[in-house]
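Chain by chain, the residues run as shown.
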Amino acid sequence: VYDNLAKAAMTSLLFLTGYNHTYYFFHHPSNINSVFKLSRVLQVCMRINLLAISMCFVLGTANYGVCLIHTFWFLLIWVMMHVGSSMNYEKYLFRLKLLGAAVGIFLFWDCNISRVAKINGVWEASQASWEWYCVSYLHHWAAFIGAIFAINQPIASLQLRKLESLNLLTNTFAKMLLSGTLLVLALTWAAGPLRKSATVYNLSHPYFGIIPTLLLVNLRSVNCWLREHHIGMLAWLGKYSLEIYILHHHASNIVFIRGYPRCNFLAVSVILIFTARLLHNITSVIRHMLLPANEEEKCWQNTVACSVGIMLLYAAACILTWAEAVSLGTISTITMIVGILLYQVLMEMTWSDYRGTAPKLKKNQFEDDEEAEEGGTTKVSPPLLATLSIFLLGYALYQSVLTNSSHSCNPNHANKGRWVPLNACLARTQLDRIEMNYFGPTQCSTLNTTEQWAWPEDTCGFHYHSGSELRQKLQERRIVFIGDSSVRKLYHSFCRFAGDLTAGGYEGTSTSHSDASTSFGSTSLEFKWAPLSVDIITKIKSTKASFSREREGGPDIIIAGGGVWDKLHLSVTDEDQSSQEETIKTLASELKSMRKMFEASVVWFVPPIINTVALNSDEKRSQISEGNIEEMRRMYHELGVPQSASFILDGPHFTQDRVSDSFDGVHYPNHVYDAGSQIVLNALDQLWGGDMNKSIITRSYLPATSSLINPYLGMMMLCFVLIGLFYFDGYFGVGYLAQFFVKKMSLSPSELYKDAFDHHPVSTAQDQTSKVEYNEFQHESVGLTGRSSSSLSRRR
């Protein structure tokens with residue numbers, strides 16, 4: 001439910017994107033051509049994307065696809081309003097133009113137009129294009145609905161003012177009918193689609209997820225007092241919402257106050273908000289510096305210069321990578337040189353402007369051009385001092401990294417836990433309470449045999465993942481286990497954490513040596529029996545073939561392991577040994593291929609320690625003794641299998657203190673494999689940056705874009721768009737219900753059109769209008785969305 005609500009919140013933001021930009025283009029009083037200047041387009045695009053692009057360059061990851069979605073809809077609305085802008089103030093021609101845009105949206109997202117155009121599969125060609133299409137599909141009507149609401153907003157505003165001019169009873173009942181209808185629709189949405197799994201909900205969200213937003217807008221403006229007031233703190237936070245969104249991806253794994261999650265959340269939130277405020281100010285200064293307002297020529301010059309600079313730096317990075325010369329020294333040198341050049345360019349570009357605008361602090365300060373010119377020392381000193389500072393800071397950070405590298409967090413540190421004894425006396429008071437005291441104080445002090453896997457010296461936030469936490473973090477995921485019986489035990493451990501407490505019980509040989517699968521809600525767990533390395537290769541290839549042939553969802557996590565059976569059955573002669581090495585090399589290649597193809601996290605499970613004396617046959621004691629299996633582990637390592645994985649689950653490490661518990665020499669009790677599951681889950685926290693729900697959509701449950709297509713619901717949305725456009729109702733037909741309680745006055749939106757647009761700044765299709773007239777109109781308009789004090793009640 002929380003994930004579905006997050007998608008509804010995203011829809012609300014895109015509704016505001018469509019509303020605000022359309023409102024600006026439609027109601028702006030300046031010359032109609034100046035509204036659509038490309039300089040403003042560049043400024044808005046830079047505002048949305050500058051911080052996201054900078055973070056991508058710094059961190060080397062791209063987790064900010066929502067910025068691209070907002071940019072896309074802004075550009076689409078700009079094109080939609082700019083093309084044929086002379087029609088924007090014609091009553092029906094303008095709305096016909098918007099209807100054409102709606103048909104385009106319908107064809108692109110709600111019809112399989114890619115198959116008609118014979119470009120089927122283009123969105124599945126890469127993870128980035130696939131994810132952009134799927135995320136944009138979730139909200140593909142939201143911004144356009146906001147645009148329709150923006151052009152009908154004066155009508156909705158006038159309808160409210162007319163209702164409030166009537167007697168209290170009629171006004172109340174009419175508003176209750178409007179709000180009540182939207183409330184019923186919202187409650188139906190909350191009781192139905194909202195409670196479905198994400199797989200089902202995603203198919204209906206683009207068409208019904210806008211309902212709560214329309215209800216909120218209606219309730220926000222239903223009363224004059226509500227329209228004239230707003231919560232200042234939320235308005236203040238709204239200024240930094242973009243920065244908060246980008247930074248929150250990296251805040252989930254920060255721990256300042258260990259053991260007090262709420263206090264830690266408060267501390268991290270304060271730092272996050274003030275960091276967002278600082279970044280907002282920095283990006284605003286850079287944006288105004290590079291793209292100054294009302295200076296079209298400078299905007300284009302700076303845009304071209306920045307683009308060329310980025311391309312040159314990218315080319316330099318490619319050359320360094322090709323030459324294998326990427327190091328701290330080369331990067332630092334290039335950074336300093338580019339910084340000095342950038343400083344000099346900025347000084348040359350801005351000094352003449354400063355001289356013409358700066359106040360004269362001294363008499364005749366700039367009269368003598370020769371005296372006004374900077375000396376050589378003055379020009380060289382700042383970049384030299386900055387270079388020295390950067391060098392010293394970089395060197396200090398580098399030494400700090402070298403000194404503390406052993407303490408830095410990475411997924412492999414999840415293996416560095418140990419078994420910690422638990423005191424059985426801790427449960428004694430509970431047993432006394434229910435009169436089941438099985439041991440006395442003397443025996444209690446000696447019963448310290450229970451042990452639990454933990455990370456006592458941890459500084460990375462490793463912790464025990466409960467079953468509910470595992471189910472939440474792995475929802476909408478497909479986890480595939482491929483390997484021998486040890487991997488199967490790990491599969492059973494995941495099943496127990498997910499809710500099947502009977503998993504791992506006695507099954508018999510026929511059942512244990514076969515494939516298995518189960519699901520818990522939207523989480524899919526599969527085990528593929530592959531005792532030999534060649535069997536693992538076969539299962540990997542069949543998984544890839546299934547994805548390519550049937551568009552079956554690829555796995556998000558792959559956990560594979562083996563080697564013990566190879567040593568038992570395939571390591572008899574030198575020929576066997578040579579063939580086995582080739583097979584292991586192929587296995588390493590296939591794991592790399594899986595990792596790249598599905599962009600999945602691949603875990604390699606190194607075989608646990610063998611309890612040689614407990615093996616139940618002479619053949620096993622001869623072939624798979626701990627010494628022989630250690631040789632096998634070394635061979636797998638030398639031939640690159642662990643290096644092909646995202647994470648190595650170190651079986652020998654978490655079983656070295658439990659060897660005596662191995663009842664048959666190979667397998668261990670369930671709680672030992674539970675420790676392995678906890679290690680994997682904590683490693684995934686690190687691999688995914690602390691956010692196991694790293695994507696709104698994953699390939700695991702939306703394998704092909706063709707499965708998203710729903711032309712029938714798309715046709716329904718086109719019908720509502722027709723009502724909104726040609727019946728002039730921002731609430732898409734609900735606004736007409738107010739007429740039921742009013743007989744002596746016309747309150748239907750279509751009949752209010754003329755009165756609502758009589759005072760519109762460009763209602764007569766003129767290009768100019770006075771600022772005073774526009775400001776008065778703007779104050780009337782913004783009250784409906786609560787962005788400033790409203791004068792709606794004063795117009796009665």
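Residues numbered from 1 in each chain as written. Predicted model: local features only at pLDDT ≥ 70, side-chain atom pairs only at ≥ 80, totals over all residues. Heavy atoms only, no water.

Visitor: Give me the packing of aromatic side chains: which residues, what numbers.
Guide: In the structure shown here, the tally under the stated rule is 32 aromatic pairs. When the ring of Phe-108 is compared with that of Trp-109, the centres are 4.6 Å apart and the planes differ by 80°; the resulting orientation is edge-to-face. Classification of Phe-108 by relative accessible area gives partly exposed; the value is 29%. Judged by its relative accessible area of 2%, Trp-109 falls in the buried class. Pairwise contacts between aromatic rings join Phe-26, Tyr-89, Tyr-92, Phe-94, Phe-728, Tyr-753 and Phe-757 into one cluster. Positioned above the aromatic ring of Tyr-24 is the side chain of Arg-40, whose terminal nitrogen or guanidinium carbon lies 3.8 Å from the ring centre. (Phe/Tyr/Trp six-rings, centres within 6.5 Å; stacked < 30°, edge-to-face > 60°. Buried < 20%, exposed > 50% of the residue type's maximum accessible area, 1.4 Å probe, protein only. Lys NZ or Arg CZ within 6 Å of the ring centre and 35° of its normal.)

Visitor: Mind laying out helix α30 (residues 670-687), listing which residues take part and the relevant values?
Guide: Across its 18 residues, α30 extends 26 Å between first and last C-alpha, which sits within 8% of the 26 Å expected from 1.5 Å per residue. Of all 18 residues that make up α30, 15 are buried, and the element is covered over most of its length. (Helix = DSSP H or I, 4+ residues; strand = E, 2+ residues; numbered from the N terminus. Expected span 1.5 Å × (residues − 1).)

Visitor: Let's hear about the pairing of strand β5 (residues 523-529): which residues, and what values?
Guide: Here β5 lies mainly inside the structure; 6 of its 7 residues are buried. The sheet contact formed by strand β3 (residues 478-483) and β5 spans 6 bridges and is parallel. By the bridge assignment, Phe-481 is partnered in β5 with Phe-527. As judged from the 5 bridges shared by strand β4 (residues 516-520) and β5, these two strands associate in the antiparallel manner. Each bridged residue has a counterpart across the sheet, and for Ser-517 the counterpart in β5 is Glu-526. Counted between consecutive antiparallel strands, the loop separating β4 from β5 contains 2 residues, among which Gly-521 sits at a positive phi close to 65°. (Pairing = 2+ DSSP bridges.)

Visitor: Lay out the sheet that holds strand β7 (residues 601-605) with the relevant residues and their values.
Guide: Read across the sheet, 6 strands follow the order β4-β5-β3-β6-β7-β8 without closing on themselves; strand pairing throughout is mixed. This sheet does not close on itself; its edge strands, each paired only once, are β4 and β8 (647-649). Mean inter-strand twist for the sheet, computed between neighbouring axes without regard to direction, equals 15°. Contacting β6 (557-561), β7 and β8, α30 runs over the sheet at an angle of about 165° to β8. (Axes fitted to C-alpha atoms, helices over the stretch in contact; angles between N-to-C directions. Contact = heavy atoms within 4.5 Å.)

Keep in mind that these numbers describe shape and distance, not what the molecule does.
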